[in-house]
Amino acid sequence: MSKPNIGSSLFHGAQNTAVYGGIQNTNVERDMHVHNHNGRSRNRVKDLEEHIAAGAMHNSAERYDAPKCHPRTRFAVQDELVHWIEHGEEEENPKKFVWVTGPAGGGKTAIMGSIADICEEKGIVACCFFFSSFAQSIDRRYKRCFVPTLAYQLVQHQALRPVGEDILSCVERDPAVFKKRVEVQFEQLLLQPLRGIQRDAQMPKVILIDGLDECQAEERHGTSRTRDEAIRANEADQTEILEAILKAANDPSSPFRFIIASRPEPAIQFFFTDTAHNITKKIFLDNKYNPDADMLLFVEAKFDAIRRRYHLHASWPPQDVKHTLVGNASGQFVYVATAMRFLEGSSGPPQELLNRIMALGHRDVATNPFALLDALYTHIFNSSPKPLLAARWLVLIFRTGQWNGTGVLNGLSARFIQLFLESSQAEASYVFRGLNSLVSIPPADDHTSHYSLFHKSLTDFLGDKSRCGSLYVANSLELYFTRYLQIWKDKGPATPLSEREKKHFLHRFFEIPNLPRHFEENVELYDVAWWVRSQDEFRMHPSCMDPDRHTLVVRKLFSVIHSSCDGKCDPVCKYVRTEMLKELQRLSWKTPRQKTKWDRFQISKALDYDEDEIRPPENHDYDYDYDSADPSLTRQTHVATIGTRRSTFSRFRRFRS
């Protein structure tokens with residue numbers, strides 16, 4: 001019996017075969033192709049993901065406690081919207097847009113959240129974007145993340161796989177697409193991939209956009225705007241988005257229509273009532289949709305939960321109390337929602353808390369439609385041991401940012417804000433006591449979550465002196481600068497921390513761009529060299545995402561400390577600038593030469609600098625440690641700079657003589 005021919009029988013008919021160590025591997029090239037293809041797809045998705053606002057998607061973790069319509073409420077408006085999405089094309093004069101609008105507190109975001117859930121279950125929503133000017137992630141307030149976030153959701157949509165592949169190919173071909181105008185992004189990332197696809201019954205029908213009035217124009221480093229400039233910039237960005245959507249809606253290749261919810265701000269109202277009037281269906285949340293009946297269902301459900309919690313009689317509270325609460329709301333869902341959160345979350349007997357709310361119900365709503373809401377907000381603030389300080393803190397977090405309705409501390413974790421603002425340990429718990437019906441406060445052991453407001457109307461209230469009265473904060477930055485300087489002086493917060501947590505806190509502290517313009521008389525108490533060294537250290541730290549930010553902060557301090565000098569530098573300016581230059585030179589930074597200020601008759605006594613010339617070393621290794629730097633290099637740089645300064649002074653003296 002002859003031996004079998006292994007070469008002709010064992011591998012007979014096999015293709016793309018390789019043998020390694022006696023193990024047979026078939027179809028290796030095909031498997032590697034699939035693996036490489038999947039890996040490339042993952043990389044392209046990652047490139048897109050870096051430019052999205054994940055928190056703006058309706059099912060994001062950030063929106064886990066976002067308002068939704070209570071069961072059995074807002075049926076009329078929800079039914080109208082869902083019917084338009086499913087059958088709007090069958091109307092005699094079909095519309096491309098539905099604009100859901102109405103006054104603050106009318107429940108627009110809750111309705112949009114519920115519509116998103118309903119449409120997702122039906123498979124008819126393509127994507128969503130929920131703008132928010134007070135959310136945890138600041139990306140939810142800027143236009144730059146708007147189109148990429150919509151595109152990302154289309155990539156993930158099961159019914160749009162070919163479209164998703166084309167979107168990723170666009171990102172791969174043109175990585176700079178994210179820096180282009182909104183209209184161009186719509187064209188490249190949405191419309192081009194949609195062209196040529198076969199429409200079918202499984203195709204999603206609608207794109208949902210909520211809170212467009214909260215879209216804000218970004219401020220670049222070192223720039224600021226007046227109130228009017230900020231309003232115009234915001235309106236320009238909102239209009240740019242609307243015009244891009246209008247072009248997309250009119251494109252024959254687009255299968256989508258749009259539901260957009262916002263307050264009736266002037267620029268948005270002009271667009272829908274003029275520019276896009278012929279293709280817009282307007283839904284104004286007024287008495288037509290019977291909000292009082294929905295609010296009555298809501299308060300009855302909440303009172304039912306409170307009765308079960310405290311084992312109260314089934315007749316509590318009397319029916320007339322419920323109707324009075326609903327009547328006091330004047331159509332504003334935010335009023336009853338805040339009132340019920342106060343009853344559910346505050347410490348005290350339910351009847352006593354209810355009596356407090358009912359006692360507020362004697363206000364003139366004819367002159368101020370928010371009178372009862374304002375009274376409720378004021379009462380809740382007064383339940384804090386320090387109402388004005390609580391208002392100052394909330395303004396700093398949510399409102400002080402150059403008229404945009406965002407605070408200088410917004411976007412930072414609640415833990416960092418607590419450590420920054422506290423002048424004594426655990427002060428935050430004391431100040432915010434009783435405010436849990438207005439502010440979502442993370443638990444003490446949560447070091448990453450953010451403070452968030454339950455409703456934007458609170459920032460409107462705090463920003464209007466005629467509404468908030470004694471709670472009005474004219475200059476919240478005074479407290480901010482006081483705390484900044486105290487932390488600088490102490491080289492850390494008031495609360496004792498481990499070395500690791502202190503390092504993490506200081507890293508964030510040194511990234512804050514808002515710097516004090518004035519120091520105390522005893523300026524020598526502030527270790528300027530430590531401040532500069534820390535900026536340089538954190539600039540080079542591996543976890544630093546934006547090294548240029550620290551450079552800009554150094555330049556900004558060098559500039560603002562001199563801004564109040566007139567002719568002759570004051571002692572504080574001289575001390576801070578001199579100490580800064582000495583330390584920057586020691587760290588091998590490029591520092592500016594002095595330049596002389598001229599006036600009509602003589603050279604000013606002050607020698608000025610061009611702070612833009614302050615730059616870190618160009619070829620810096622990011623593992624650089626200033627403690628182990630070459631001392632001779634530092635000394636040579638320092639001596640050379642001093643020589644330059646002496647030469648400048650010599651020329652100055654020769655000119656005067």
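On a predicted model such as this, the values are computed, not experimentally measured, just so you know. (Residues numbered from 1 in each chain as written. Predicted model: local features only at pLDDT ≥ 70, side-chain atom pairs only at ≥ 80, totals over all residues. Heavy atoms only, no water.)

## Things to note about the overall build of the protein chain
Working step 1: Looking only at helices and strands, the protein chain has 25 helices and 11 strands in total.
Working step 2: The buried share among the 657 residues of the protein chain stands at 49%.
Working step 3: Residue pairs in contact within the protein chain that sit at least 24 positions apart in sequence constitute 73% of those at least 6 positions apart. (Helix = DSSP H or I, 4+ residues; strand = E, 2+ residues; numbered from the N terminus. Buried < 20%, exposed > 50% of the residue type's maximum accessible area, 1.4 Å probe, protein only. Contact = heavy atoms within 4.5 Å.)

## Focus: the packing of aromatic side chains
Working step 1: Scanning the entire structure with this criterion turns up 30 aromatic pairs.
Working step 2: Residues Phe 510 and Trp 531 carry aromatic rings whose centres are separated by 6.4 Å and whose planes lie at 70° to one another, so their mutual orientation is edge-to-face. Linking Phe 510 in the loop between helix H21 (499-509) and helix H22 (528-539) with Trp 531 in helix H22, this pair joins segments that are 21 residues apart in sequence. Note on accessibility: Phe 510 and Trp 531 belong to one class, buried.
Working step 3: Over the aromatic face of Trp 84 sits the side chain of Arg 257, whose NZ or CZ is 4.5 Å from the ring centroid.
Working step 4: The side chain of Arg 577 reaches across the aromatic face of Phe 558, ending 4.0 Å from its centre. (Phe/Tyr/Trp six-rings, centres within 6.5 Å; stacked < 30°, edge-to-face > 60°. Lys NZ or Arg CZ within 6 Å of the ring centre and 35° of its normal.)

## Quick word on the layout of surface pockets
Working step 1: Counted as a void, the second largest pocket has a volume near 1200 Å³.
Working step 2: Asp 65, Ala 66, Pro 67, Arg 341 and Phe 454 are the residues nearest the centre of the second largest pocket, which is lined by 47 residues in total.
Working step 3: Only helix H4 (108-122), strand E6 (257-262), helix H10 (291-310), helix H12 (333-345) and strand E9 (452-453) provide two or more residues apiece to the lining of the second largest pocket.
Working step 4: A per-element tally of the lining of the second largest pocket places H12 first, with 7 residues.
Working step 5: Split by residue class, the lining of the second largest pocket holds 18 nonpolar, 14 polar and 15 charged. (1 Å grid on protein atoms, 1.4 Å probe; cavity = no way out; pocket = protein on both sides within 12 Å on 5 of 7 lines; lining within 4 Å. Points joined across faces, edges and corners; volume = space filled by probe spheres on them. Nonpolar A, V, L, I, M, F, W, Y, C, P; charged D, E, K, R; others polar.)

## Some details on the confidence of the model for the protein chain
Working step 1: Averaged over all residues, the pLDDT of the protein chain equals 82, while 82% of them reach at least 70.
Working step 2: Contacts of residues 1-37 to residues separated by more than four positions or lying in other chains number 20 contacts, the stretch itself having pLDDT below 50. (pLDDT = per-residue confidence, 0-100.)

## Description of unusual backbone geometry
Working step 1: With an omega of -15°, the peptide bond running from Trp 316 to Pro 317 counts as cis.
Working step 2: In this model, Arg 74 sits at a positive phi of 60°, which is unusual for a non-glycine residue.
Working step 3: Classification of Arg 74 by relative accessible area gives buried; the value is 4%.
Working step 4: Unusually for a residue other than glycine, Ala 426 sits at a positive phi of about 65°.
Working step 5: Relative to the helices and strands, Ala 426 is located in the loop between helix H16 (414-421) and helix H17 (427-431).
Working step 6: Residue Ala 426 is classed as partly exposed on the basis of its relative accessible area, which comes to 47%.

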